[in-house]
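# Tertiary structure, described
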Amino acid sequence: ALRSLYKNSDLIKSKYLGNCFTSSGINDFLYGRINKDIGYISLNWFDQDIKKVEAEMVKIVRYLKECKSMIIDIRNNRGGTDSSALTVANHFIKTDKCYQISRTRKTNTDYSYTDPKLWYTNHSNEVFSNPILILINRYTMSAAEAFSLALKEQSHVSFIGEPTAGAFSDAEDA
């Protein structure tokens, strides 16, 4: 209940999207236009089925590609899989970059680690590269933080909100 104070989906649908929106069970997407120039995407989760996520993202980017700017709302996003978050992020990438370096502990009792793994963005064929504003809050966590990290160094992306949950995990997807 408290989380709804930070993101009121009914208000977004009625007041900002004028009840003209599309929703999908994939990543719990909600998207539409605030006006002819501003697109809006809400993501509450990053689904495991990468093929479905990719197909949905292609539809969304094609639908919103004429917008001059985009708002991506990941407030209250509780995470999901990092690979799904990266799949979505790749549709907003102008420049491919290494966005994370991780190492995995080999065993629970041993303090040795694997060699570093470099994580790179890889822009999609369908990319929205106009200015993007990403909304975050204290309930943005896990894979949503990986999504944020992948987009953080992109020149056309800005963030607004409060610090995220800090529940970031660079654990590899099983």
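See above for the structure.
A brief structural summary. (Residues numbered from 1 in each chain as written. Predicted model: local features only at pLDDT ≥ 70, side-chain atom pairs only at ≥ 80, totals over all residues. Heavy atoms only, no water.)

### Some words on the overall build of the protein
- Counting secondary structure elements, the protein contains 4 helices and 8 strands.
- Secondary structure elements of the protein occur, N-terminal to C-terminal, as α-β-β-β-α-β-α-β-β-β-α-β.
- Summarising its shape, the C-alpha atoms of the protein cover approximately 55 × 40 × 30 Å along the three principal directions.
- Within the protein, buried positions represent 43% of all 174 residues.
- Summarising the internal contacts of the protein: among those between residues at least 6 apart in sequence, 73% fall at separations of at least 24.
- Accessible surface computed for the protein: about 9,400 Å², of which carbon and sulfur atoms make up 51%. (Helix = DSSP H or I, 4+ residues; strand = E, 2+ residues; numbered from the N terminus. Buried < 20%, exposed > 50% of the residue type's maximum accessible area, 1.4 Å probe, protein only. Contact = heavy atoms within 4.5 Å. Areas by Shrake-Rupley, 256 points an atom, 1.4 Å probe, with all protein chains shown as cover.)

### With respect to the packing of aromatic side chains
- With the rule as written, the count across this model stands at 2 aromatic pairs.
- Measuring from centroid to centroid gives 5.8 Å for Y31 and Y63, while their planes differ by 70°, and the two rings are edge-to-face. Of the two residues, Y31 is situated in strand 2 (residues 30–35) and Y63 in helix 2 (residues 50–64); the sequence distance between them amounts to 32 residues.
- With a relative accessible area of 6%, Y31 lands in the buried category.
- For Y63, a relative accessible area of 34% puts it in the partly exposed group.
- Seen from their ring centres, F46 and F147 are 5.5 Å apart, and the 35° between their planes marks the pair as tilted. With F46 in the loop between strand 3 (38–42) and helix 2 and F147 in helix 4 (residues 143–151), this residue pair connects regions lying 101 residues apart in the sequence. Side by side, F46 and F147 carry an identical accessibility label, which is buried. (Phe/Tyr/Trp six-rings, centres within 6.5 Å; stacked < 30°, edge-to-face > 60°.)

### Re the pattern of salt bridges
- A complete count under the given rule lists 6 salt bridges for this structure.
- In this structure, R62 and E126 form a salt bridge, with 3.0 Å as the shortest nitrogen-oxygen distance. Taken together, the residues span a long stretch of sequence, with R62 in helix 2 and E126 in the loop between strand 6 (117–120) and strand 7 (132–136) at a distance of 64 residues.
- Exposure remark for R62: the relative accessible area of 51% places this residue in the exposed category.
- For E126, a relative accessible area of 15% corresponds to the buried category.
- The salt bridge involving R75 is made with D73; its shortest N-O contact spans 2.7 Å.
- Residue class for D73 comes out buried when judged on its relative accessible area of 0%. (Salt bridge = Lys/Arg side-chain N within 4 Å of Asp/Glu carboxyl O.)

### What to know about the sheet that holds strand 7
- Taken in spatial order, the 6 strands line up as 1-2-3-4-7-8 in an open sheet, and their pairing is mixed. Edge positions in the open sheet fall to strand 1 (21–23) and strand 8 (157–161), since each of these has one partner strand only. Taken over all neighbouring pairs, the strand axes of this sheet differ in orientation by 20° on average, direction set aside.
- Where strand 7 and strand 8 come together, 5 bridges link them in parallel fashion. Residue pairing in the sheet places I134 in a bridge with F159 of strand 8.
- Packed onto the sheet, helix 2 meets strand 2, strand 3 and strand 4 (69–73) and runs at close to 5° relative to strand 2. (Pairing = 2+ DSSP bridges. Axes fitted to C-alpha atoms, helices over the stretch in contact; angles between N-to-C directions.)

### Describing the environment of I38
- By secondary structure assignment, the location of I38 is in strand 3.
- Under the relative-accessibility criterion, I38 is labelled partly exposed at 25%.
- In the structure, I38 is positioned 36 residues away from I74 in sequence and 17 Å away in space, judged by C-alpha atoms.

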